[in-house]
Amino acid sequence: MGRERLVLVGNGMAGMRTLEELLVLAPDLYEITVFGAEPHGNYNRILLSPVLAGEKRLEEIMLNDEAWYAERGITLHKGREVTEIDRARRVVRAADGTEAPYDRLLLATGSLPVVIPVPGNDLEGVVTFRDIGDVERMIAAAGEGRHAVVIGGGLLGLEAAYGLLKRGMDVTVVHLLDRLMEKQLDGTAAAMLKRALEERGLKFLMEHETEAILGERRVEGVRFANGLEIPADLVVMAVGIRPNVELARRAGLHCERGVVVSDTMQTYDPRIYAVGECVQHRGVTYGLVAPLFEQAKVAANHLARIGTARYEGSLVSTKLKVTGIDLFSAGDYLGGEGTESLLLQDAAQGIYKKLVLRNSRIVGCVLYGDTLDGAWYFQLMRDGTDVSAMRAQLLFGQAHLGDAGHGEVERVAALPDDAEICGCNGVSKGEIVRAITEKGLFTLEEVRAHTKASSSCGSCTALVEALLAHTLGGDYEQSPAKKPMCPCTDYSHDEVRQAIRDNALKSIPEVMRFLEWKTPDGCSKCRPALNYYLVCQWPGEYRDDPQSRFINERAHANIQKDGTYSVVPRIWGGETTPAQLRAIAEVAERHQVPTVKITGGQRIDLLGVPKEKLPAIWADLAAAGFVSGHAYGKAVRTVKTCVGSQWCRFGTQDSTQMGIRLEKLAWGAWTPHKVKLGVSGCPRNCAEATIKDFGVVAVESGWEIHVGGNGGVKVRATDFLVHVRTMEEVEEYCAAFLQLYREEAHYLERTAPWIERVGLAYVRQRLVEDEEGRRALAARFRESQRHAQVDPWAERARGAEAHEFRPLKALTEEATA
Amino acid sequence: MSGAQAMRERAGESWIEVGRLEDIPRRGARVVKAPDGDIAVFRTADDEVYALRDRCPHRGGPLSQGIVHDRKVACPLHDWKIHLDSGEAVAPDEGCTATFPVRVEDGVVYLRLEPRGCEEG
Ligand code: SRM
Ligand SMILES: Cc1cc2nc3c(=O)[nH]c(=O)nc-3n(C[C@H](O)[C@H](O)[C@H](O)COP(=O)(O)OP(=O)(O)OC[C@H]3O[C@@H](n4cnc5c(N)ncnc54)[C@H](O)[C@@H]3O)c2cc1C
Ligand code: SF4
Ligand code: FES
């Protein structure tokens, strides 16, 4: 007994943020009960847009899962909607009868999406965009080529439309006015946005008023006031939100548009606090998280009985979360009487900037295409800074104030300490810099974990990365990430590699003993890494440890979701022959391979093979001259080529032969992560060489060598390394580059992040400037290849590692009876 | 082995011989194909032997194919870690997979087809 009882109604972003703040200030003050109408813990609602677009998974957006509540002794009633507040008895009651008494009550019921009152608005397939349930409904209805109609061309509508488009739907956005996002954008920016979205495939019906939604049981179409009818399999209403005040109103609390609160976030009943979108403060309601988080701070301060904080309203800025579109808007972006506008428009680069000034102070801002200075303008706006002195340079951004700017790092360097970097979580530059220096942070993930910056909508990620680069300076580029390899040790990847080299450690147990591993035999993270480091360091000498390899590399085939495997034979440079194709076809037929697929890497995948059958298939493939394609390994994968000068009317060199030569040179090598190569016959680059780890582009005078590309999760185009004349030179660079990467990258680091870590200048110095060093690297690669180029399939087809492919025992029915 | 052991055997609960300890790689596993589905028989670095239904509680991944460390196995599909002795997933993941009684005598591994610990589903 004794502790006061706090009840929270609505476990969304504002309410839960208040609890988090409160627990920091006064962890034990209350016995806390939380009611949430949704059947989940608390999640980051903002990120529903990327979830809809398939760019994030639901698990990734959870903020407080059930364990979080349990660990803090908080009672969570999820899936229970509170329907009554008995203020006299101080009890809340949920629809299912659950009751909870309170001493203090916090309302954070958010808002409700507006549904326009037209016939058919209750048909199946008509949804709003507010919670996980809505997103699940949309994903279920989405399908290649089906029609979606999104009503509302505001922030939410456009994010919904973009998400559905990414899911393959044919999407039409309907807007009542002639301008998208009219609450944030002026005509020019809105037109640029519309054009960019149209280029991506969205369709627009501007100035169209919805009259009816058509269909019997399910939605089939939409009719507009002008008589036009269009087909629809899904209709998303995104026309606005209204504060969810029903519960408060019924309890007799004073409400207008929202629940009216004072500067201490109290309602007219001083025991009852309210925060979030349901709230109306000084006549204003908010629909973005930044102001709600400010409210949460204030409410927590009072609930914790400190009682000093006051909420005085917020200025808000908006960003659109559509990948590849940068848009920022804040304040009075239209301007009017008594204001003047500064404009910068560069149609070719797709950049538009507008600053609205009143009395030499920024009062509004719209940025399109280049939003990096948004934080700075917003800061000047909040501070009411007189900008007359910098007026001439203002539009070119902060970096141009001093000398000529050098990109993002200089720009963040110039920001004052109290400039807000992360708008969602209200984290300033000073806080981030302090966290980086005091806590020794090196990565974006670490900054996210420690400061929450960049962990909500993610649009400030570039700024945070620039701050990291600026704060760590040279260190950021050169210093090894000081992170331990995994929880089994305190040593970093680099320290472990050095210990292996310097102390001639030649087995995993030796390394673990020498470096005093904290676990008896490591884990699934460090064992494969150690195995690789040893393979790389002691070619021909180290005896590979199959039990420390991930199953794919142990079985030399890719495990599939159903436990079967896939087989991808090597097809040198992607060039094949009728005889080879026939051999593959026969193998597939003979062994009843369920699926045969051309891969994205110019070769053929036999999918769905039971493990026991692998050696037999490999034996047949080997007989036809095939070797393993290593499609399963942290190893050299493919060398993609184009037809080049052999056939192509634009080809300048024989790119196919070049590719085959590179593949013969590099196949079989184990590497820190997978490695892909590409050779194109001319700068049209049909082999996509500039997103490969090692890419070669033929030109009239020879070959251009590019490195560090990646086409995966985070696309990165290559950096140009050097131009050479002959195929032999390309081979030497290739061998040297691969060896440098093999010797120095961390396990599971692809060439793209590796080069970003060590810097292109370093790679160029080791490979281009240091000719002797390059030769030595290439020689070490070739030496290592003497031992590595043994076809693992042929070995296994002949009986090696037989136990891997056979059950220990097959128990028949009678044996067990 | 103990008298109790022998008594249970006599009582008709059958231990089935499935192979030799040395047939299972240290820090590895082999599969026993049984009428109700595969069973993974693990051997740790210290030669302890455990048997689990060869299905990860997450999405059914074949645990026999995972990396074995300490008394745990990392599922090959999404890297959940499963305790070999209890069949429970290592927190924060939740779920469990059935265990089977195993013993080793004179280098021979015996198994009983009696799932324990978790609902088989
Ligand atoms: C089979 C294939 C898809 C297809 O049917 O075409 C494929 C299949 C897989 N890819 Fe891929 N990728 C395939 C081409 C690609 C390409 C295209 C290319 O190589 O030109 C890319 C982008 C290029 C790149 O890597 O930069 C690609 C980027 C990825 C990534 C992201 C890597 C990254 O750095 O971000 C992963 C995840 C990873 O490696 O961690 C991945 C992982 C996978 C895995 C291994 C997922 C897994 O762990 O099980 C899939 C294995 C399926 C299997 O068992 O065969 N796959 N994958 C392609 C095999 C090519 C080949 O002949 O070997
Ligand atoms: C798709 C989408 C994208 C967005 N993008 C951005 C963005 O980029 N930037 C930005 O700043 N903001 C964005 N927002 C807005 C932001 O998500 C909201 O401002 C914020 O979530 C509001 O927080 P809240 O706690 O007030 O309400 P909510 O997060 O909605 O939480 C309220 C919760 O209370 C529950 N509840 C309501 N009534 C009851 C009851 N009687 N009993 C029990 N539980 C109840 C609700 O089910 C809900 O879970 C976006 C919103 C959406 C939907
Ligand atoms: S093959 Fe590649 S892109 Fe396709 S589902 Fe698997 S990992 Fe994803
Ligand atoms: S199936 Fe085992 S981790 Fe997913």
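Values in this document were obtained by computation on a predicted structure and should not be read as measured data.

Conventions used here
Residues numbered from 1 in each chain as written. Chains lettered and ligands numbered in written order. Predicted model: local features only at pLDDT ≥ 70, side-chain atom pairs only at ≥ 80, totals over all residues. Heavy atoms only, no water. Helix = DSSP H or I, 4+ residues; strand = E, 2+ residues; numbered from the N terminus. Buried < 20%, exposed > 50% of the residue type's maximum accessible area, 1.4 Å probe, protein only. Contact = heavy atoms within 4.5 Å. Areas by Shrake-Rupley, 256 points an atom, 1.4 Å probe, with all protein chains shown as cover. Near = heavy atom within 4 Å. Polar contact = N/O pair within 3.5 Å; in protein donor to acceptor, adjacent residues only side chain to side chain. Nonpolar A, V, L, I, M, F, W, Y, C, P; charged D, E, K, R; others polar. Pairing = 2+ DSSP bridges. Core = buried A, V, L, I, M, F, W, Y, C linked by side-chain atoms within 4.5 Å. Axes fitted to C-alpha atoms, helices over the stretch in contact; angles between N-to-C directions. Patch = residues over 30% accessible without salt bridge, like charges linked within 9 Å, V, L, I, M, F, W, Y side chains within 5 Å. Salt bridge = Lys/Arg side-chain N within 4 Å of Asp/Glu carboxyl O. Parallel < 35°, antiparallel > 145°, perpendicular 65-115°, else oblique. Phe/Tyr/Trp six-rings, centres within 6.5 Å; stacked < 30°, edge-to-face > 60°. Lys NZ or Arg CZ within 6 Å of the ring centre and 35° of its normal. Buried area = accessible area lost by both parts, 1.4 Å probe. Left-handed = near helix turned anticlockwise from the far one by under 90°. pLDDT = per-residue confidence, 0-100. Expected span 1.5 Å × (residues − 1).

Draft legend 1. A look at the overall build of chain A. Counting its regular elements, chain A contains 27 helices and 39 strands. Counting the 817 residues in chain A, one finds 54% classified as buried. Here the analysis covers contacts within chain A between residues at least 6 apart in sequence; of these, 62% occur between residues at least 24 apart. Here chain A displays about 35,100 Å² of accessible surface, and carbon together with sulfur accounts for 49% of that area.

Draft legend 2. Main features of the site of ligand 2. Residue and element names in this part refer to chain A. Close to ligand 2 lie 32 residues, the nearest being Ala14, Glu38, Arg130, Glu277 and Lys321. Within the backbone of Ala14, an N or O atom sits 2.8 Å from an oxygen atom of ligand 2. Take Ala37: an N or O atom from its main chain is 2.9 Å from a nitrogen atom of ligand 2. Taken by itself ligand 2 offers 1,000 Å² of open surface, and the protein chains cover 93% of this. Listing elements by their share of the shell around ligand 2, those giving two or more residues are helix H1 (13-25), strand S2 (30-36), helix H5 (155-166) and helix H8 (289-303).

Draft legend 3. Main features of the site of ligand 1. All names here are of chain A. As a structural note, the neighbourhood of ligand 1 is formed by 21 residues, with Gln560, Thr599, Gly600, Lys674 and Arg750 the closest of them. The separation between an oxygen atom of ligand 1 and a polar main-chain atom of Gly600 is 2.5 Å. Per-class residue counts for the shell around ligand 1 are two nonpolar, 11 polar and eight charged.

Draft legend 4. The pairing of strand S9 (residues 102-105) of chain B, seen in detail. Residues and elements named next belong to chain B. Direction of pairing for S9 relative to strand S10 (residues 108-111): antiparallel, over a ladder of four bridges. Within S10, the residue paired with Val104 across the bridge is Val109. Here S9 hands over to S10 after two residues, with Asp106 in that stretch at a positive phi of 50°.

Draft legend 5. How the structure looks around the nonpolar core. Residues and elements named next belong to chain A. Membership of the largest hydrophobic core comes to 95 residues, with the highest contact counts inside it found for Leu164, Leu193 and Leu394. Sort the elements by how many residues they give to this core and H5 lands first, with seven residues. Grouped together as the second largest cluster of nonpolar side chains are 51 residues, Tyr69, Val92, Leu292 and Ala300 included.

Draft legend 6. Quick peek at the sheet that holds strand S26 (residues 351-358) of chain A. All names here are of chain A. Read across the sheet, five strands follow the order S23-S24-S27-S26-S25 without closing on themselves; strand pairing throughout is antiparallel. Every interior strand has two partners, whereas the edge strands, strand S23 (317-319) and strand S25 (340-346), have only one. Between one strand and the next, the sheet's axes are offset by a mean angle of 15°, whatever the strand orientation. Pairing of S23 with strand S24 (residues 327-331), which is carried by three bridges, proceeds in the antiparallel orientation.

Draft legend 7. Molecular detail of a nonpolar patch on the surface. All names here are of chain A. Side chains of Val24, Leu25 and Ile306 sit close together on the surface and give an oily, nonpolar patch of about 290 Å² of accessible area. By the secondary structure assignment, Val24 is in helix H1. Of the residues examined, Val24 reaches a relative accessible area of 69% and is grouped as exposed.

Draft legend 8. Summary view of the pairing of strand S15 (residues 210-214) of chain A. Residue and element names in this part refer to chain A. In the sheet, S15 pairs with strand S16 (residues 221-224) via four bridges, with the strands oriented antiparallel. Bridge pairing in S16 places Ala212 opposite Arg223. As consecutive antiparallel partners, S15 and S16 are separated by six residues, and within that stretch Gly215 has a phi angle of approximately 140°, a positive value.

Draft legend 9. Quick look at the environment of A:Leu123. Residue and element names in this part refer to chain A. The residue Leu123 is located in the loop between strand S10 (111-113) and strand S11 (126-128) in this model. The class of Leu123 is buried, set by a relative accessible area of 10%. Sequence separation between Leu123 and Arg218 is 95 residues; the distance between their C-alpha atoms is 5.4 Å.

Draft legend 10. Structural detail: the packing of helix H12 (residues 444-451) of chain A against helix H13 (residues 461-472) of chain A. Residue and element names in this part refer to chain A. Between H12 and H13, whose axes approach to 10 Å, the crossing angle comes to 105°. Of the possible angle classes, the one that applies to H12 and H13 is roughly perpendicular. Here Leu444, Val447 and Arg448 of H12 lie close against H13, whose contacting residues are Thr461, Val464, Glu465 and Leu468.

Draft legend 11. Quick look at the sheet that holds S2(A). All names here are of chain A. Read across the open sheet, the five strands follow the order S5-S2-S1-S9-S21; overall the sheet is parallel. The open sheet has two edge strands, strand S5 (75-78) and strand S21 (272-274), and neither has a second partner. Strand-to-strand twist in this sheet, taken as the mean axis angle between neighbours without regard to direction, amounts to 15°. Relative to S2, strand S1 (residues 4-9) runs parallel, the two sharing six bridges. The residue bridging Leu8 from the neighbouring strand is Val34, located in S2. Against the sheet, H8 contacts S1, S2, strand S9 (104-107) and S21, and its axis sits at roughly 175° relative to S9.

Draft legend 12. Structural context of the packing of aromatic side chains. Taken as a whole and assessed by the stated rule, the structure comprises 12 aromatic pairs over all chains. Relative to A:Trp754, the ring of A:Tyr741 lies with its centre 5.5 Å away and its plane at 55°, an arrangement referred to as tilted. On the criterion of sequence distance, the pair formed by A:Tyr741 in helix H22 (residues 727-744) and A:Trp754 in helix H23 (residues 751-758) is long-range, its members being 13 residues apart. Given a relative accessible area of 0%, A:Tyr741 falls into the buried group. Exposure remark for A:Trp754: the relative accessible area of 0% places this residue in the buried category. Three or more aromatic residues joined by ring pairs make a cluster, and in this case those are A:Phe694, A:Phe737, A:Tyr741 and A:Trp754. The ring of A:Phe650 has A:Arg684 sitting right over it, with the charged end atom 3.6 Å from the ring centre. Looking at B:Arg112, its charged tip hangs above the ring of B:Trp15, at a distance of 4.7 Å from the centre.

Draft legend 13. Inspection of the interface of chain A and chain B at higher detail. Facing the 30 residues of chain A at the interface are 30 residues of chain B. Both faces considered, chain A and chain B share a buried interface measuring about 2,500 Å² in area, 59% of it formed by carbon and sulfur atoms. Inspection of the chain A/chain B interface yields two salt bridges. Note that B:Arg27 and A:Asp521 form a salt bridge whose closest N and O atoms lie 3.2 Å from each other.

Draft legend 14. A look at the packing of H1(A) against H8(A). All names here are of chain A. Contact geometry for H1 and H8: axes closest at 8 Å, N-to-C directions at 40°. Comparing their axes, H8 and H1 come out oblique. Of the two possible hands of crossing, H1 and H8 adopt the one that is right-handed. For the pair formed by H1 and H8, the contact residues are Met13, Ala14, Arg17, Thr18, Glu21, Leu22 and Leu25 on the first element and Val289, Leu292, Phe293, Ala296, Lys297, Ala299, Ala300, Asn301 and Leu303 on the second. Of the residues belonging to the contact of H1 with H8, the class tally is 11 nonpolar, two polar and three charged.

Draft legend 15. Spotlight on the pattern of salt bridges. Residue and element names in this part refer to chain A. Applying the stated rule across the entire model yields 63 salt bridges over all chains. Ionic pairing is found between Glu84 and Arg93, a salt bridge with its closest N-O pair at 2.6 Å. Taken together, the shared-partner salt bridges in this structure form one network comprising Glu84, Asp86, Arg89, Arg93 and Glu99.

Draft legend 16. Structural context of the confidence of the model for chain A. All names here are of chain A. Model confidence for chain A is summarised by a mean pLDDT of 90, while 96% of its residues fall at 70 or above. Across residues 402-406, confidence stays below pLDDT 50; counting only partners more than four residues off in sequence or on other chains, it has three contacts. Below a pLDDT of 50 lies the segment residues 474-481, which in the model reaches 11 contacts outside its immediate sequence neighbourhood of four places, other chains included.

Draft legend 17. The arrangement of H5(A) in detail. All names here are of chain A. Between its terminal C-alpha atoms H5 stretches 17 Å, which fits the 16 Å expected from 12 residues at 1.5 Å a residue. Regarding H5, the residues found buried are Leu155, Gly157, Leu158, Glu159, Ala160, Ala161, Tyr162, Gly163, Leu164 and Leu165. After H5 finishes, the residue Gly168 shows a positive phi value of roughly 90°.

Draft legend 18. Inspection of unusual backbone geometry at higher detail. The phi torsion at A:Met265 lies on the positive side, around 65°, for a residue other than glycine. Counting through the fold element by element, A:Met265 comes out in the loop between strand S20 (259-261) and S21. Residue A:Met265 is classed as buried on the basis of its relative accessible area of 0%. With a phi angle near 65°, B:Asp47 is a residue other than glycine that sits in the positive phi range. On the basis of relative accessibility, which here comes to 27%, the residue B:Asp47 falls in the partly exposed class.

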